[in-house]
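These are the residues of each chain, in order.
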Amino acid sequence: MPTHAADSLVLTGAGSSAAAPIYRSWGEEYQKKSGISLAYESIGSSAGIKKIQASQTGFGASDVAPPLAELKKNGLVLFPIAITGIAPVINLPKVGDAQLHLSGPVLGQIYLGLISQWNDPAIAQLNPELNLPALAIKVVVRSDGSGTTYNFADYLAKVNPLWKEKQGVKTSFVWPAQFLASKGSEGVVNAVKETVGAIGYVDYGYVKVNKLRTVQLVNAEGDLLAPSIGAFRAALHNSDWGSSGTFASTLTNMPGKGTWPITMGTFVLVPQVAQNAELTRQVLQFFVWAFINGDTLVQQNNFVRLPDRIQALAFKAISSVKDPAGKTLNLSLK
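Structural notes, computed from the coordinates. No experiment lies behind these values; they were computed from the predicted model shown.

By the definition in use, this model includes 28 aromatic pairs. Considering the side-chain rings of tyrosine 111 and tryptophan 175, the 6.4 Å spacing of their centres and the 70 degrees angle between planes classify their relative orientation as edge-to-face. Here tyrosine 111, found in helix 4 (residues 104–111), pairs with tryptophan 175, found in the loop between helix 7 (161–166) and strand 8 (180–182); they are 64 residues apart in sequence, far enough to count as distant. Judged by relative accessible area, tyrosine 111 falls into the buried class, the value being 0%. Using a relative accessible area of 13% as the deciding quantity, one classes tryptophan 175 as buried. A ring pair is formed by phenylalanine 173 and tryptophan 175, whose centres lie 5.2 Å apart and whose planes are at 50 degrees; its orientation type is tilted. As far as burial versus exposure is concerned, phenylalanine 173 and tryptophan 175 are alike and both buried. Here the aromatic cluster, defined as three or more aromatic residues joined through ring pairs, consists of Tyr23, Trp26, Tyr30, Tyr40, Phe59, Phe79, Phe286, Phe287, Trp289, Phe291 and Phe315.

Laid out in structure tokens, this is it:
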């Protein structure tokens, strides 16, 4: 849980490596405004959920929304903070950013270990203009339980029947022995940058900062496009999130022109009943401040801000947290 330092309060959070850039930016700015700092552990969604369930952190962060029954069982409240996308990234000689074209079925074959060479006919057919090398594909994956992996697998399960049958949708997998397993988004970034012939999947916030080369993907409309903030926003607006204001469903393979097929939300989990009411109040006050003041930082980190309708539901979830006596926490809108 958050603890008092000698001269200031330190809030703690743990989980999603995808959302780490947002929390770090928000934390730095919030400390300037309030004197309260944030210590955030980028340890993956699964570990973040476990930490908040065990009351070992002020908030958990996940790119997967646990089912309502699971939240109730563990006494947790969930709310979204932003939208991002997952980008396949490559390290391929003489192939620049967004020059390589892939489809969901072919991407699934690569991650099943069934396509192992960059000049495979299935890849060559999608890239008639490229002179693809006779080079082994070095597949980079996450070794830890990851919401990024979950959403990536959710997309592959929707577009590749064999992936759905063989692997399904989970936060972690037993990968083929020849794959390069790395911890966290940071680990994937480093592995791809250091490995000629590599392909990995990483949250878009890391792509620009690390100057990674992405691919174009065929979306649900059959159009080729590169990942972008506009494409994530299009997926959001064509989803249940945009139409009904709910946020239980994933955002992968959404219909509509210009939609990026591997879009995802990222979430916060806090206790429904705050055993240490003052410290939980400070955590929630941080998120109230972030929703009101942090939109610019969301966009600077290559995420999409929540629509007002979804933000209103997030505020409702925040205001539902109570102390052990059943009283709501005293939060201010500033």
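This part takes up the sheet that holds strand 11 (residues 216–218). Strand order in the open sheet made by the three strands is 6-11-12, with mixed pairing throughout. Both outer strands of the open sheet, strand 6 (101–102) and strand 12 (224–225), are each paired with one neighbouring strand and no more. As judged from the two bridges shared by strand 11 and strand 12, these two strands associate in the antiparallel manner. Each residue of the ladder has a partner; that of valine 218, found in strand 12, is leucine 224.

Taking 1.5 Å per residue as the helical rise, helix 1 (residues 20–34) with its 15 residues ought to reach 21 Å, and the 20 Å between its terminal C-alpha atoms agrees with that figure. For helix 1, the full list of buried residues reads Ala20, Pro21, Ile22, Tyr23, Ser25, Trp26, Gly27 and Tyr30. Two residues or fewer after helix 1 comes glycine 35, characterised by a positive phi angle close to 80 degrees.

With that settled, the discussion passes to the environment of alanine 235. Along the chain, the position of alanine 235 falls in helix 10 (residues 229–237). In the structure, alanine 235 is positioned 190 residues away from serine 45 in sequence and 22 Å away in space, judged by C-alpha atoms. When near neighbours in sequence (up to four residues on either side) are disregarded, alanine 235 contacts Leu251, Met254, Thr259, Trp260 and Thr263.

Before going further, it helps to examine the pattern of salt bridges. Applying the stated criterion to the full structure yields eight salt bridges. Of the charged contacts, one joins glutamate 186 and arginine 24 as a salt bridge, the two residues approaching to 3.9 Å between their closest N and O atoms. A residue pair is termed long-range when its members are at least 10 positions apart, and glutamate 186 in helix 8 (residues 184–194) and arginine 24 in helix 1 qualify at 162 residues.

The rules behind the values
Residues numbered from 1 in each chain as written. Predicted model: local features only at pLDDT ≥ 70, side-chain atom pairs only at ≥ 80, totals over all residues. Heavy atoms only, no water. Phe/Tyr/Trp six-rings, centres within 6.5 Å; stacked < 30°, edge-to-face > 60°. Helix = DSSP H or I, 4+ residues; strand = E, 2+ residues; numbered from the N terminus. Buried < 20%, exposed > 50% of the residue type's maximum accessible area, 1.4 Å probe, protein only. Pairing = 2+ DSSP bridges. Expected span 1.5 Å × (residues − 1). Contact = heavy atoms within 4.5 Å. Salt bridge = Lys/Arg side-chain N within 4 Å of Asp/Glu carboxyl O.

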